[in-house]
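Take a look at the letters that make up each chain.
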Amino acid sequence: MSTALRVAIAGLGTVGAGTVSVLTEHRELIARRGGRPVDIVAVSAKNRAKERGVSLDAYDWYDDPVAMAREADVDLVLELIGGEAGPAKAVCDAAISAGRHVVTANKALLAIHGDALASAAETAGVSLNYEAAIAGGIPIVKALREGLTGNRVTRVYGILNGTCNYILTEMRENRLSFETVLAEAQNLGYAEAEPGVDVDGIDAAHKLALLASLAFGTRVDFAGVYTEGIRRIALEDIDYAEEFGFRIKLLGSARMTEHGLEQRVFPCMVSKDKPIAHVEDAYNAVVAHGDFVDDTMYEGRGAGAGPTASAVVADIVDVARGFAVATFGVPVGALADTAAVPIERHRGAYYIRLMVRDEPGVIANITAVFRDEAISIGSMLQRARSETEAVPVVLNTHVCEEAAMRRTLERIEALDSVVQQPTMIRIEPLN
Ligand code: HSE
């Protein structure tokens, strides 16, 4: 058998330790498939003494991951530290400068510095692989970069954050508020103590920016992703969604249009007729539409040691095989610069929930604003609770432009009889 592929691992958290497990437990299988053994040679992490469930005795230990990336006698460096800058970026820069291949699971790093790192990797003649960065164990990078390469991909969307999908599922199934489920998820260790990166949609936006680049051959444009999270979703909205035949999902969606590139992450209502509406708990799913293949859908676990390490090891085996593809499917110089379409130009139908005082003329005043902005109401529902409490008025609109909807909501919020900021959730037809 040929010479082993020598690997250094920077970062030994859940994913790093999971990768050590896969590489050791499946050593024979991986050697057969990769055409040569994969040897872990060096490792680096913050805390050498921490119990990780895997033995590190056979590997050289480095306190400094950047020194390891630069100096260890390896062919490939795994960057599993995380974070968009700091040591993660320094490790990748050092490894590429030293002519070593890089495999990373770091979506934040690639969403911000992907073009520059890919360019440096091309110059150095090394691979920069990142299957684990998007939707964990789902092989979506391979699907877009290789499996669908004969297609013009026109749309890609998905459930890209397992924490949000878990929270929305728990809220619906157990009739709990966002805050209650988030606190439970934190206690169980599913959600971070500082959960903003997940629940504010930032993690999904990182992944969407990478998916869009892969799908459309455009430069990674994280700043062009319009992002909203799930904090404002109330149990009432989940209940109304069910009643109207929808599920609320945090979707990341990218589409190439005649006006430019649309990249959006927001909670939206999707019909229960669509398969993605039934992707529950912490699962992820991605749908890619190609002009010849039509819709393709991929579902699986988006996080956790096993699924993420599975993706990391696939990238390692590609390097062992000598299989290389440009980071974003085409060389960086061939990636297109495409204008981002602002959210104000979004066109779609909307679900609106207003809390109003139940008194004469309220509905007339509200519908007058919709009339003035030429937004057509598709259906409307008011259920009284009592004469003293505010009551919900829920309506769904026909398709209109977001700018008009935003003006409408500003004017409605200013009405005396409207007692809360209106809730607006976009309805996604997914076609
Ligand atoms: N925090 C992510 C999620 C997993 O909840 O899906 C890692 O990207």
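This structure is a prediction, so every number in the text was calculated from the model and none was measured. (Residues numbered from 1 in each chain as written. Predicted model: local features only at pLDDT ≥ 70, side-chain atom pairs only at ≥ 80, totals over all residues. Heavy atoms only, no water.)

## Points about helix α11 (residues 235-243)
Our working rule: Relative accessibility decides the category of a residue: with a 1.4 Å probe and only protein chains considered, values under 20% of the type maximum give buried, values over 50% give exposed, and everything between is partly exposed. Under the DSSP-based scheme used, a helix requires at least four consecutive residues in state H or I and a strand at least two consecutive residues in state E, with every element numbered from the N terminus.
Restricting attention to buried positions, one finds in α11 the residues L235, D237, I238, Y240 and A241. In the stretch just after α11, G245 is the one whose phi turns positive, near 90°.

## With respect to the sheet that holds strand β3 (residues 60-62)
Heads up, the rule is: Two strands pair if DSSP finds at least two bridges between them. Contact definition: two residues touch when any of their heavy atoms are within 4.5 Å. Lines fitted to C-alpha atoms define the axes here, with helix axes fitted over just the stretch in contact, and angles between the N-to-C directions of these axes take values from 0 to 180 degrees.
Taking strand neighbours across the sheet as the criterion, the 6 strands line up as β3-β2-β1-β4-β5-β6 in an open arrangement whose pairing is parallel. In the strand order of this sheet, the two ends are held by β3 and β6 (128-129), each with one partner. Together, β1 (5-10), β4 (76-79) and β5 (101-104) form the strand contacts of helix α4 (residues 86-97), whose direction differs from that of β4 by roughly 170°.

## Focus on the state of the cysteines
Formally: Note on terminology: disulfide denotes any pair of cysteine sulfur atoms within 2.5 Å.
In this structure the tally under the stated criterion is 0 disulfides. For C164, which is in no disulfide, the shortest distance to another cysteine sulfur is to C268 and amounts to 12 Å.

## Describing the nonpolar core
Applied cut-off: Side-chain atoms within 4.5 Å link the members of a nonpolar core, which is a set of buried Ala, Val, Leu, Ile, Met, Phe, Trp, Tyr and Cys residues.
One finds I134, I140, L144, I167 and I230 to be the most contacted residues of the largest nonpolar core, which totals 82 residues. With 10 residues, the single largest contributor to this core is helix α10 (residues 202-216). Beyond its immediate chain neighbours, meaning those up to four positions away, L144 contacts T149, V153, L211, L214, A215 and A288. Counting 29 residues, the second largest nonpolar core, distinct from the first, contains I9, L12, A132 and A320.

## Overview of the site of the ligand
For clarity, the threshold we go by: A molecule or strand has a residue near it when one of that residue's heavy atoms lies within 4 Å. In protein, a polar contact requires one atom able to donate a hydrogen and another able to accept it; more generally it is a pair of N or O atoms within 3.5 Å, and residues adjacent in sequence count only if both atoms are side-chain atoms. In these tables, accessible area is a Shrake-Rupley quantity obtained with a 1.4 Å probe, and a residue counts as shielded only by the protein chains included in the view.
For the ligand, the full set of nearby residues is K107, N161, G162, T163, D198, D203, K207 and A303. One nitrogen or oxygen atom from the main chain of G162 is found 2.6 Å from an oxygen atom belonging to the ligand. Side-chain polar atom of D198 to a nitrogen atom of the ligand: 2.9 Å apart, as the coordinates give it. Taking 260 Å² as the accessible area of the ligand by itself, protein coverage stands at 79%. Of all elements in the fold, only α7 (162-174) and α10 reach the threshold of two or more residues within the shell around the ligand.

## Some details on the domain arrangement of the protein chain
How big an interface is tends to be stated in terms of the accessible area lost upon association of its parts. What counts here: Domain limits in this description derive from either an automatic procedure or a database domain assignment.
Each assigned domain of the protein chain is listed with its residue range as follows: domain 1 (5-133), domain 2 (140-301) and domain 3 (345-428). Computed over C-alpha atoms, the centres of domain 1 and domain 3 are 52 Å apart.

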